[in-house]
Amino acid sequence: MDFEYPSDLRYLDTHEYVRLEGEIATIGISAFAVDQLGDIVFLELPEIGGALNKGESFGNIESVKAVEDLKSPVTGIVIERNDVILESPEQLADDPYGEGWLLKVRVNDSGEIDDAMTADEYSSQVEG
């Protein structure tokens, strides 16, 4: 199956993505991860104002198959969370890179995403 990996995003090997616009990072999970999880039934995300640390868990995603930790690609403060997805996590499958984002974070250091993978690198890792 061919998945889409938008080139304006950076990816973690744990399947989270980050889109950086100025000092605001939008975090979500890749289409590949959504597909691997199967039917997503529950999502746990931090409150607005919560602090994230790069590489640390910020919540979890539960499907009929598994419960997975969500890892943060950046350090910063949560300024917005996607309550629509919290209420209807199954919608993640419809548009993981658009309406299916999870959090928006004001980042401390935008250089933190430099070690995240490009779309091509991520694609070759998960589909290679």
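Scroll up to find the structure.
The sections below set out a description of the structure shown in this document. All of these numbers come straight from a predicted model, not from anything done at the bench. (Residues numbered from 1 in each chain as written. Predicted model: local features only at pLDDT ≥ 70, side-chain atom pairs only at ≥ 80, totals over all residues. Heavy atoms only, no water.)

Turning to the layout of surface pockets, a few remarks are in order. One simple way to see leftover space: roll a probe sized like a water molecule over the atoms. Within this model, the largest pocket holds a volume of roughly 170 Å³. What lines the largest pocket is a set of 13 residues, among which Thr14, His15, Ala33, Glu68 and Asp69 lie closest to the centre. When contributions to the lining of the largest pocket are tallied by element, the ones reaching two or more residues are helix 1 (31-37) and strand 7 (67-71). (1 Å grid on protein atoms, 1.4 Å probe; cavity = no way out; pocket = protein on both sides within 12 Å on 5 of 7 lines; lining within 4 Å. Points joined across faces, edges and corners; volume = space filled by probe spheres on them. Helix = DSSP H or I, 4+ residues; strand = E, 2+ residues; numbered from the N terminus.)

Let us look at the sheet that holds strand 9 (residues 103-107). Read from one edge to the other, the open sheet built from 6 strands follows the order 1-2-3-9-8-5, with strand pairing classed as antiparallel. Where the open sheet ends on each side, the last strands, each with one partner, are strand 1 (10-11) and strand 5 (51-52). (Pairing = 2+ DSSP bridges.)

The subject of this paragraph is the side chain of Ser72. One can find Ser72 in the loop between strand 7 and strand 8 (76-81). The residues contacting Ser72, other than those within four sequence positions of it, are Leu12, Ile27, Leu52, Asn53, Lys54, Gly55, Glu56 and Phe58. (Contact = heavy atoms within 4.5 Å.)

The next subject is helix 3 (residues 119-127). Within helix 3 the residues assigned to the buried category are Ala119, Tyr122 and Val126. Each buried residue of helix 3 sits inside an arc of 65° when the element is viewed along its axis, so together they form one side. Contacts from the buried residues of helix 3 go to strand 1 and helix 1. (Buried < 20%, exposed > 50% of the residue type's maximum accessible area, 1.4 Å probe, protein only. Arc of directions from axis to C-beta.)

Glancing now at the pattern of salt bridges. Scanning the model with the defined rule gives 5 salt bridges in all. Here Glu23 and Arg106 are joined by a salt bridge, their closest N and O atoms 2.5 Å apart. Separated by 83 residues along the polypeptide, Glu23 in the loop between strand 2 (16-21) and strand 3 (24-29) and Arg106 in strand 9 bring together distant segments of the chain. Judged by relative accessible area, Glu23 falls into the partly exposed class, the value being 41%. Put simply, Glu47, Arg81 and Asp83 are held in one network by salt bridges that share partners. (Salt bridge = Lys/Arg side-chain N within 4 Å of Asp/Glu carboxyl O.)

The next subject is the pairing of strand 8. For a regular strand, side chains alternate in direction, first toward one face of the sheet and then toward the other. As judged from the 2 bridges shared by strand 5 and strand 8, these two strands associate in the antiparallel manner. Bridge pairing links Leu52 to Gly76 in strand 8. Where strand 8 lies against strand 9, 5 bridges are found, and the strand directions are antiparallel. Its bridge partner lying in strand 9, Val78 is registered against Val105.

Right, let's talk about a nonpolar patch on the surface for a bit. On the surface, a cluster of nonpolar side chains totalling about 280 Å² of accessible area is made up of Val41, Phe42 and Val64. Mapped onto the secondary structure, Val64 falls in the loop between strand 6 (57-63) and strand 7. By relative accessible area, Val64 is classed as exposed at 60%. (Patch = residues over 30% accessible without salt bridge, like charges linked within 9 Å, V, L, I, M, F, W, Y side chains within 5 Å. Areas by Shrake-Rupley, 256 points an atom, 1.4 Å probe, with all protein chains shown as cover.)

Right, let's get into the sheet that holds strand 4 (residues 40-44). The 3 strands lie next to each other as 4-6-7, forming an open sheet whose pairing is antiparallel. Every interior strand has two partners, whereas the edge strands, strand 4 and strand 7, have only one. Each strand axis lies, on average, 25° off the axis of its neighbour in the sheet, ignoring direction. Pairing of strand 4 with strand 6 involves 4 bridges; the strand directions are antiparallel. Paired with Phe42 across the two strands is Glu62, which belongs to strand 6. (Axes fitted to C-alpha atoms, helices over the stretch in contact; angles between N-to-C directions.)

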